[in-house]
Amino acid sequence: MDHIGSILSKVLKKRGLHGHAEASLVVHRAQEWINDHLPLVAAALHPRTFTDGTLIIAADHAIALQECQMEIPALQTWLTAEAHPALVKDIRLLRAK
């Protein structure tokens, strides 16, 4: 009997949606980590996209950007452990307008 995770993975791959699902999972997990580890600025940090191994996080103001910048190595280590090890190669921050 197949496990639900393997069935879902097979269906997503068959439909060409596996990459989109993985990207969505990385963005979701990044938001969870931000909420847990940077609670004072979490409302101002928004993981936006994950493409070609690069996670983009937008910050509403410079203080949130600076606070997140200091925690990038920890976030990347955690995401690498939670997601596929070769999936997250870089995390970039940008200032939302």
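Scroll up for the structure.
Here the structure is a predicted model, which is why all the values come from computation and not from measurement.

*Asks:* Would you explain the overall build of the protein chain in this entry?
*Replies:* For the protein chain, the count of helices and strands is 3 helices and 3 strands. When each of the 97 residues of the protein chain is scored for burial, the buried share is 31%. Taking contacts inside the protein chain between residues at least 6 apart in sequence as the whole, the part at least 24 apart equals 50%. In the structure as shown, the protein chain presents an accessible area of about 6,400 Å², 58% of it carried by carbon and sulfur atoms.

*Asks:* Is there a simple way to think about the sheet that holds strand β3 (residues 90–95) in this case?
*Replies:* The strands making up a sheet associate through hydrogen bonds between their backbones, and the pairing can be parallel or antiparallel. If you walk across this open sheet you meet the 3 strands as β1-β2-β3, and the pairing is mixed. Looking at which strands have only one partner, the edges of the open sheet turn out to be β1 (45–51) and β3. Direction aside, the axes of adjacent strands within the sheet are offset by 25 degrees on average. Judged from the 6 bridges that link them, β1 and strand β2 (residues 54–59) form a sheet pairing that is antiparallel. Note that in β2 the partner of His46 across the bridge is Ala58.

*Asks:* I tried to follow the pairing of β2 on my own but got confused; where do I start?
*Replies:* Regular strands show a simple pattern: their side chains alternate between the two faces of the sheet. The buried fraction of β2 amounts to 5 of the 6 residues, a majority that puts the element mostly inside the structure. Remark: 2 residues form the turn of the hairpin made by β1 and β2, two consecutive strands paired antiparallel; Asp52 in that turn has positive phi of roughly 50 degrees. Both β2 and β3 contribute to a ladder of 6 bridges, which runs parallel. Of the residues in β3, the one forming a bridge with Ile57 is Leu93.

Reading guide: rules and limits
- Residues numbered from 1 in each chain as written.
- Predicted model: local features only at pLDDT ≥ 70, side-chain atom pairs only at ≥ 80, totals over all residues.
- Heavy atoms only, no water.
- Helix = DSSP H or I, 4+ residues; strand = E, 2+ residues; numbered from the N terminus.
- Buried < 20%, exposed > 50% of the residue type's maximum accessible area, 1.4 Å probe, protein only.
- Contact = heavy atoms within 4.5 Å.
- Areas by Shrake-Rupley, 256 points an atom, 1.4 Å probe, with all protein chains shown as cover.
- Pairing = 2+ DSSP bridges.
- Axes fitted to C-alpha atoms, helices over the stretch in contact; angles between N-to-C directions.

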